[in-house]
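Read off the chains here:
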Amino acid sequence: MNLDVGGLIKQCRKKAKLSQEAFADLMHTTQSTISRIEQNLIACEANFLAKAAAITNSQDVVVATLFSADAAMQFLQTVPMFIGGFFSWI
């Protein structure tokens, strides 16, 4: 599963009607850094994503994206492997 974190941050920023410059000021970084993150040219840490969600009041969008149907299906496919490995270990 490929997650477009930059696109997600851009979506949150636009939902809050913030320019890259205004958003950068709130995030204590530069407009250039926000631009590069939104283009997925540089990665951001989870705490940056959490702070961006809080500042833009988009926690619902971030949670829905992170726990999408694809992620849920991937998790459900992993659980039986884990349980099977656990029982064979016992």
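Residues numbered from 1 in each chain as written. Predicted model: local features only at pLDDT ≥ 70, side-chain atom pairs only at ≥ 80, totals over all residues. Heavy atoms only, no water.

Let's shift gears to helix H4 (residues 46-55). When we look at burial in H4, the residues that qualify are Phe-48, Leu-49, Ala-52 and Ala-53. Within H4, the buried residues cover an arc of 135° as seen down the axis, which keeps them to one side. Facing away from the buried surface of H4 by more than 90 degrees, the exposed residues are Ala-46 and Asn-47. Asn-57 occupies a position one or two residues after H4 and carries a positive phi of about 55°. (Buried < 20%, exposed > 50% of the residue type's maximum accessible area, 1.4 Å probe, protein only. Helix = DSSP H or I, 4+ residues; strand = E, 2+ residues; numbered from the N terminus. Arc of directions from axis to C-beta.)

Mapped onto the elements of the fold, Ala-50 is located in helix H4. When the C-alpha atoms of Ala-50 and Ile-9 are compared, they prove to be 9.9 Å apart, with 41 residues separating the residues in sequence.

Quick look at a nonpolar patch on the surface now. A surface patch of nonpolar side chains, amounting to about 360 Å² of accessible area, comprises Leu-3, Val-63, Leu-66 and Phe-67. Looking at the secondary structure, you find Phe-67 in the loop between helix H5 (59-66) and helix H6 (69-89). (Patch = residues over 30% accessible without salt bridge, like charges linked within 9 Å, V, L, I, M, F, W, Y side chains within 5 Å. Areas by Shrake-Rupley, 256 points an atom, 1.4 Å probe, with all protein chains shown as cover. Salt bridge = Lys/Arg side-chain N within 4 Å of Asp/Glu carboxyl O.)

The backbone of Lys-17 shows a phi angle near 60°, a positive value even though the residue is not glycine. By secondary structure assignment, the location of Lys-17 is in the loop between helix H1 (5-15) and helix H2 (20-27). Taking relative accessible area as the criterion, Lys-17 reaches 76% and is therefore assigned exposed. One non-glycine residue, Asn-57, lies in the positive phi region at around 55°. With respect to the helices and strands, the residue Asn-57 is situated in the loop between H4 and H5. Here Asn-57 falls in the exposed class, since its relative accessible area comes to 56%.

Everything listed is a geometric property; what it means functionally is a separate question.
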